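# Structure at a glance
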Amino acid sequence: MRKQWGLLAVFFGVALVASVFGSNFLSGYNLENLTNRTALFSILALGAGIVIAVGGIDLSIGSVVCLCGIATPWLLVEHGWPAWQVVPVVLGMAAAIGLMHGLLITKLRLQPFLVTLCGLLLYRGLARWVTGDQSQGFAGEFDGLRSLALGRIPVPFIEGYRIPATVIPLAVLAVGTSLVLTRTVWGRWLLATGSNESAARISGVPTQRLTIAAYVACSLLAGLGGMLFIFDIGSAQPSDFGNFYELYAIAAAVLGGCSLRGGRASVGGIVLGTATLQVLRNAIILLGLSSQLEFAVIGAVLLLGMTADELLLRWRERRAERRAPSG
Amino acid sequence: MIHAILASLVLAAAPAATLHAASPADRAALLAAQKARVTEMAKAPKASPHLAFVSNGVADFWTIAKAGALAAGRDLKCQVTVEFPGAGLSDQKRMLEDLVTRGIDGVSVSPIDPKNQREVLDLIAERSLLITNDSDAPEAPRLAYIGMDNYLAGRKCGELARAGLPGGGEVAIFIGRLEQDNAKRRWQGFVDGLLGRSVDATRRDDHTKPFTEAGYTILGTWTDSFDRAKAKANVEDVMTRNPGLDLVTGLFEYNSVLALEVFKQAGKAGTIKIAGFDEGAEVIEGIREGSVLGTVVQDPYGYGYQSIVLLHALTQGKLEALPASGEIAIPARTITKENVDAFWSDLKAKLAAGKAVK
Amino acid sequence: MPTVPATLASPALVLRACGVSRRYAGVQALDGVSVEIRAGEVLAVVGENGAGKSTLMKIIGGIVAPSAGHLEEIGADGAARVMRLRGAAEAARAGIALVHQEVNLAEDLDLTGVVLLGGEIHKMGWLDRAAMDARARVALLRVGLEMDPRTVCGSLPIAARQLVEIARALATNARVLVLDEPTSSLSSHETDRLLRILGELRRDGVAVVFVSHRLDEVMRIADRVIVLRDGKLRGELHRGAWSRAEIERLMVGREVPARQPLVQVADAPVRLELREVVTRHRRQRPVSLSVRRGEIVALAGLVGAGRTELLAAIAGCSLHDGTVMLDGAAVPAGCPARVRHGIAMLPEDRARDGLLYEESAGRNISLAWIGVRSYFGLVRRRAEAAMVDEAIARTQLRPAQAQRLVRTLSGGNQQKAILGRLLGISPKVLLLDEPTRGVDVGARAEIHEAIRGAAAGGAAVLVASSEMEEVLLLAHRIVVLHDGAIVGELSASAATEEAILRLATGGARGAAEAA
């Protein structure tokens, strides 16, 4: 919970700097773009957050994005499959990948880091091989399908800002995940498994099934994210599409309050973490900073924010200790 | 960072360890040795030499070049291997070393970063025959270069932009990355062409700073390391920052495609002009409907075809096939509304030919 | 030695705590406690859980800084010098070594590595293994462990690890040895050995400070006892001038409930039946046993006798051969299935296998309940809150706040939270592995009361305990395990500590009465 306050401060701090010193940060068009990017990356980060909450890690997110994203136009354009077949097949493939991760991790007790690191190599390799390393795109067609990402929904009485269509899947998934985590047995079990797997199992929690479900959810979200990403950008190259996206997703989830030790997750925090990263990247361009500085700026701002947050917390604890009357 | 670690692992395991690392040998000596080998071959020409064509990455552009190389292989009845390195410098190095290990008779390569590839290029020259295509390596012991000068092609794109924006204005440049030599030259060519400067391929402007000259303001140059989501975001953000933007150019194929897409979404297609590079399908469509000024295209088919023709001639001992200047020019063309349809149907046919072979 | 005046005759003063206090997140754990520590003396610190004993030990051991007050070191010349310890390393340099309550040795290190952890012998950064092994062997011998110093620590039983911890403290040439509940996980004869070793250290002039819940051992070994309650010093008693009743009164501040009569269960139907169950115990011996409704059966035995393995097998946490029958029907394998059938276990190590450490007490308590009583997967939050409140009341968990983070509770109350979790599903079989380890007198009585309540409600209860007192107090019947097999049964009326011990040590098997 506390982490999000620090994150919120960083978010608004960066937004403030960007709107004062940058140009047009608060323009409807820019906010629209930011919403869209946040929505796309948040879908990946949600999956990363779920796996982190159960005490695991998934490094294959970027490669699953690539494989599923590339497979969509490949099946639609190169093979002429109808959309109603392509979407379930691609998502099914993503779920199967997650299932495989989950089974290897729970039944064979392989390290999640290792399993998904191998996945990172495997799926990208597969994507490059099946497509012959050719870039895949929609060639100006499938506008209906692509409007799932490109569509903009006008807001009544507000000029200049339309809600990107990608907000719809994100909203559904975020609210759903949040409800599952807080209101259902499975969510409680998920967090308990991440918190102390042994204690959870002894208390009757089917920890293996939950771990598997978490990996399936993560890969499924990565697959869906991959589809939406390619709808958004129109074409992609198997050799570089989705590179490093797992790191953005994991960073956003951890910034948003998911503990890498497991047992903690906050959907709001995950979305806020993603939004902070995206606003930072946006601000670098709007402020006219050299784009070579991008990674350095992101790293420095987040590190500063987290350090300040930790120091603030310690200061508050010490003050509370001193203030409290003895007895 | 994981990717970097893996890349270094791959590098460590690469056959570089088994092949002896050539010390930067004397260029003239290596050239002379190759020519001597060509003369030697005249005595007993190989019936079916094994030749290779190596790209600098993966793109439809190279698929068309592949079609050309394979067509030449069929016409001349020789074995042709086409390699597309997907993961940059280290990948290309590995492929080239493997080809040498396999005893290749001649290699045409588009070097990604020739200054830092001295050793592997020397190695090819020492064991095989080396020519370059698409991007030259004048300091390497290559027998010939086939392609167009990226500086001149960039100039064509700049001149196209200048014609579309005669009164001056604000211009933004998008490019995948600027590390490779052909990108730097293309970038400089665009700038010089736009500003109407004299032809001087050695000129170097600072791409990190905006500047104004001759009525044109170059707002900046944005790179994306081939992350297309980032490339799209770059166009969006630059448009947000600069409401007075008049023209953009995307110097890599997808940069122009994504710029057009962003402008369409924002209702700015046709308002902000685009000078394209390469022949993305959407860019061609944009030229037809008038939202793109035009695009500068190379002739990758020619690169592929002429590479194999030259290498084949050399393996048959025909030293006279080498051009005196060391360069075989295959010029770039500017495609505008006038010639777009003819260009497109020709291209489709060649691309299909390249894709037919896996 | 009768009441000793605190001057000439008393051993040399080495350390003094002057009015030390400490607050944790709004809780006053320790409040103005002053105490003197003398060389060649065993000082016992007693008190209920949450009384502040561990905090006092941590302050003396340099792990926690006092928020008020300070420590003074008394030099050879008798001059006092204020000490500000920042961390265990500084305390070690000042000659103070702390042995923790939870045995947390690095499991993958060998004994030398553990004993000399932080005090490695090296030549220019290269470890001198031979010298290290030699020094470790000496320290281990001092605590009576004749072992190869290259043995991996994780392979040792818990009692031996406790001794290794002490050896580690001694290897730093400690003048003050602070032990936080060293005997809580030891069986009685292991405890005897430890107390003997402490006596020897006292003879060597070491100042020994130790915390214990077991008043009998305190009265056997200590020269002086201080009693803490609610963070305050409530009394200081000297050998010869104390009584057990006096100490208990100071600790609890109220009367401790006496043993309650057992409900008769002789003709109740059998609830739990084990048929030829072979567990993970290394001897792989089959165990058959039945427990009636409402019956409390104690599993007695030494460490390694196979009690924990047997309970884990019944709970479905580890695979086993043979059949576990509940009310006459076999139950499927696996923890989740067994919990659904009403078989619930309280694990031996509550930190490792019991608690969701970063969660609230309420979340910890409802963990098993939400799965059994969910409504199409939804958690009924109002019912959950009611269930948690009821469990808190039944186990007398204090403070009775569901929102309180479980890690801020004392050991006894953490144990009550886990017990509440099990009681919440109205278990048919209740498996308890050392339910009152590290729990004080008052909380122990309350936990016993809750266990009896569950039995009265019809549960079959199996308790594994190393404390004879608890076994005799709680059980209808005592089943003694030795080396993985049942070696005898004693009825509550016939059992004595001696009889149990004789069976548990593998002696006089034939003499055991079959019940």
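Predicted model, so just to flag it, every value in this text is computed and none were measured. (Residues numbered from 1 in each chain as written. Chains lettered and ligands numbered in written order. Predicted model: local features only at pLDDT ≥ 70, side-chain atom pairs only at ≥ 80, totals over all residues. Heavy atoms only, no water.)

## What to know about the packing of helix H8 (residues 185–195) of chain A against helix H10 (residues 207–233) of chain A
Residues and elements named next belong to chain A. Stated precisely, the cut-off is as follows: Here the axes come from fitting lines to C-alpha atoms, over the contacting stretch only for helices, and the angles between their N-to-C directions go from 0 to 180 degrees. A run of DSSP states H or I qualifies as a helix once it reaches four residues; a run of E qualifies as a strand once it reaches two. Both are numbered from the N-terminal end. Between 65 and 115 degrees an angle is taken as roughly perpendicular, under 35 as roughly parallel, over 145 as roughly antiparallel, and anywhere else as oblique. In what follows, a contact means two residues having at least one pair of non-hydrogen atoms within 4.5 Å. Under the scheme applied here, ten amino acids are nonpolar (Ala, Val, Leu, Ile, Met, Phe, Trp, Tyr, Cys and Pro), four are charged (Asp, Glu, Lys and Arg), and all others, including Gly, are polar.
Taken N-terminus to C-terminus, the directions of H8 and H10 make an angle of 100 degrees; their axes are 10 Å apart at the nearest point. In this view, H8 runs roughly perpendicular relative to H10, as classed from their interaxial angle. Along its contact with H8, which presents Trp 186, Trp 189, Leu 190 and Thr 193, the element H10 presents Thr 207, Leu 210, Thr 211 and Ala 214. A class-by-class count of the residues in the contact of H8 with H10 yields 5 nonpolar, 3 polar and no charged.

## Notes on the environment of Gln162(C)
All names here are of chain C. Spelled out, the test is: Type-normalised accessible area, obtained with a 1.4 Å probe on protein chains alone, sets the label of each residue: buried when under 20%, exposed when over 50%, and partly exposed for intermediate values.
Locating Gln 162 in the fold gives a position in helix H5 (residues 158–171). With relative accessibility at 0%, the residue Gln 162 sits in the buried group. Taking the C-alpha atoms as reference points, Gln 162 and His 100, separated by 62 residues in sequence, lie 9.0 Å from one another.

## Comments concerning the interface of chain A and chain C
Rule in force here: Two parts placed together each lose some accessible area under a 1.4 Å probe, and the buried area is that loss summed for both. Whenever a carboxyl oxygen of Asp or Glu lies within 4 Å of a side-chain nitrogen of Lys or Arg, that contact is scored as a salt bridge.
The interface of chain A with chain C comprises 26 residues on the first partner and 34 residues on the second. Contact between chain A and chain C buries roughly 2,500 Å² in total, counting both sides, with carbon and sulfur atoms accounting for 54%. Between chain A and chain C we count 1 salt bridge in total. One salt bridge connects Arg188(A) with Glu384(C), and the closest N-O pair in it is separated by 2.7 Å. Broken down by secondary-structure element, the contributors of at least two residues to the side of chain A that touches chain C are helix H7 (167–183), H8 and helix H9 (197–202) of chain A. Sorting elements by how many residues they give to the side of chain A that touches chain C places H8(A) first, with 6 residues. Taken together, the residues of the side of chain A that touches chain C sort by class into 11 nonpolar, 10 polar and 5 charged.

## So, the arrangement of the chains
When the 2 pairs of chains in contact are compared, the highest contact count belongs to chains A and B. Separated throughout, chain B and chain C approach each other most closely at a C-alpha pair spaced 28 Å apart.

## So, the packing of aromatic side chains
So the rule is basically this: Whether two aromatic rings pair depends on their centres lying within 6.5 Å, for rings of Phe, Tyr and Trp, where Trp uses its six-membered ring; planes under 30 degrees apart make the pair stacked, over 60 edge-to-face, and the rest tilted. The rule is short: NZ of Lys or CZ of Arg within 6 Å of the ring centre and within 35 degrees of the ring normal puts a charge over the ring.
Enumeration according to the criterion identifies 15 aromatic pairs over all chains in this entry. Measuring from ring centre to ring centre gives 5.1 Å for Phe41(A) and Tyr245(A), while their planes differ by 65 degrees; the resulting arrangement is edge-to-face. With Phe41(A) in helix H2 (residues 28–53) and Tyr245(A) in helix H11 (residues 245–255), this residue pair connects regions lying 204 residues apart in the sequence. One aromatic cluster is present, built from ring pairs that chain together Phe41(A), Phe229(A), Tyr245(A) and Tyr248(A). A cation sits over an aromatic face here: Lys350(B) above Tyr301(B), 4.7 Å from the ring centre.

## Topic: the domain arrangement of chain C
Residues and elements named next belong to chain C. Quick reminder of the rule: Each domain span listed reflects an automatic or database assignment of domains. Counted as a polar contact is a pair of N or O atoms within 3.5 Å, where, for protein atoms, one must be capable of donating a hydrogen and the other of accepting one, and residues adjacent in sequence contribute only when both atoms are in side chains.
Segmentation of chain C into domains returns domain 1 (16–95 + 206–255) and domain 2 (270–504). Computed over C-alpha atoms, the centres of domain 1 and domain 2 are 33 Å apart. Here domain 1 and domain 2 share an interface that buries about 880 Å² over both sides, 48% of which is from carbon and sulfur atoms. Run the count over domain 1 and domain 2 and you get 0 salt bridges. Taken together, domain 1 and domain 2 are joined by 0 residue pairs in polar contact (both at pLDDT 80 or more).

## A look at a nonpolar patch on the surface
Residue and element names in this part refer to chain A. Put simply, the test is: Patch construction takes residues with relative accessible area above 30% that form no salt bridge. Like charges are linked within 9 Å, and nonpolar side chains (Val, Leu, Ile, Met, Phe, Trp, Tyr) are linked within 5 Å. All accessible-area figures derive from a Shrake-Rupley calculation using a 1.4 Å probe, and residue coverage is judged against the displayed protein chains alone.
Together, Leu 16, Val 17, Val 20 and Phe 21 make up a nonpolar patch on the protein surface, roughly 430 Å² of accessible area in all. Tracing the backbone through its elements, the reader meets Val 20 in helix H1 (residues 2–21). Taking relative accessible area as the criterion, Val 20 reaches 55% and is therefore assigned exposed.

## Here's the deal with the pattern of salt bridges
A full pass over the atoms with the stated rule returns 57 salt bridges over all chains. Across the pair Glu289(B) and Lys264(B) runs a salt bridge whose closest N-O atoms are separated by 3.6 Å. Of this pair, Glu289(B) sits in helix H10 (residues 281–289) while Lys264(B) sits in helix H9 (residues 253–265), and the two are 25 residues apart along the sequence. A residue is classified by how much of its surface remains accessible, and Lys264(B), at 43% relative accessible area, is partly exposed. As a salt-bridge pair, Asp353(C) and Arg352(C) come within 3.2 Å of each other at their nearest N and O atoms. The exposure class assigned to Asp353(C) is buried, which follows from its relative accessible area of 11%. We classify Arg352(C) as exposed; its relative accessible area is 52%. Connected via shared salt-bridge partners are Asp192(B), Arg197(B), Arg203(B), Asp205(B) and Glu213(B).

## Focus: the sheet that holds strand S20 (residues 460–464) of chain C
Residues and elements named next belong to chain C. Where we set the bar: A pair of strands counts as paired when DSSP detects no fewer than two bridges linking them.
Read from one edge to the other, the open sheet built from 6 strands follows the order S18-S19-S20-S15-S21-S22, with strand pairing classed as mixed. Edge strands, defined here as strands with exactly one partner in the open sheet, are strand S18 (343–346) and strand S22 (485–491). Direction aside, neighbouring strands of the sheet carry axes that sit 20 degrees apart on average. With respect to the sheet, helix H9 (residues 307–315) is in contact with strand S15 (296–300), S18, strand S19 (429–433), S20 and strand S21 (477–482), its orientation differing from that of S19 by roughly 150 degrees. Against the sheet, helix H14 (residues 411–423) touches S18 and S19, its axis set at about 175 degrees to S18.

## Notes on the interface of chain A and chain B
The interface is formed by 47 residues belonging to chain A together with 39 residues belonging to chain B. The junction of chain A with chain B conceals about 3,500 Å² of combined surface from both sides, 48% of it contributed by carbon and sulfur atoms. Counting every contact that joins chain A to chain B gives 5 salt bridges. Across the salt bridge formed by Lys230(B) and Glu294(A), the nearest N and O atoms sit 2.8 Å from each other. Of all the secondary-structure elements, those providing two or more residues to the side of chain A that touches chain B are H2, helix H5 (112–130), helix H6 (143–150), H10, strand S4 (235–236), H11 and helix H12 (267–286) of chain A. When residues in the side of chain A that touches chain B are grouped by element, the largest group, 5 residues, is from H5(A). Split into classes, the residues belonging to the side of chain A that touches chain B amount to 17 nonpolar, 18 polar and 12 charged.

## Let's talk about unusual backbone geometry
The omega torsion of the bond from Arg398(C) to Pro399(C) falls at -5 degrees, within 30 degrees of zero and hence cis. For Pro399(C), the position within the fold is in the loop between helix H13 (381–395) and H14. For Arg109(A), which is not glycine, the phi dihedral falls at a positive 55 degrees. Tracing the backbone through its elements, the reader meets Arg109(A) in the loop between helix H4 (83–106) and H5. Classification of Arg109(A) by relative accessible area gives exposed; the value is 65%. For Glu276(C), which is not a glycine, the phi torsion comes out positive at approximately 50 degrees. Inspection of the secondary structure puts Glu276(C) in strand S13 (residues 270–278).

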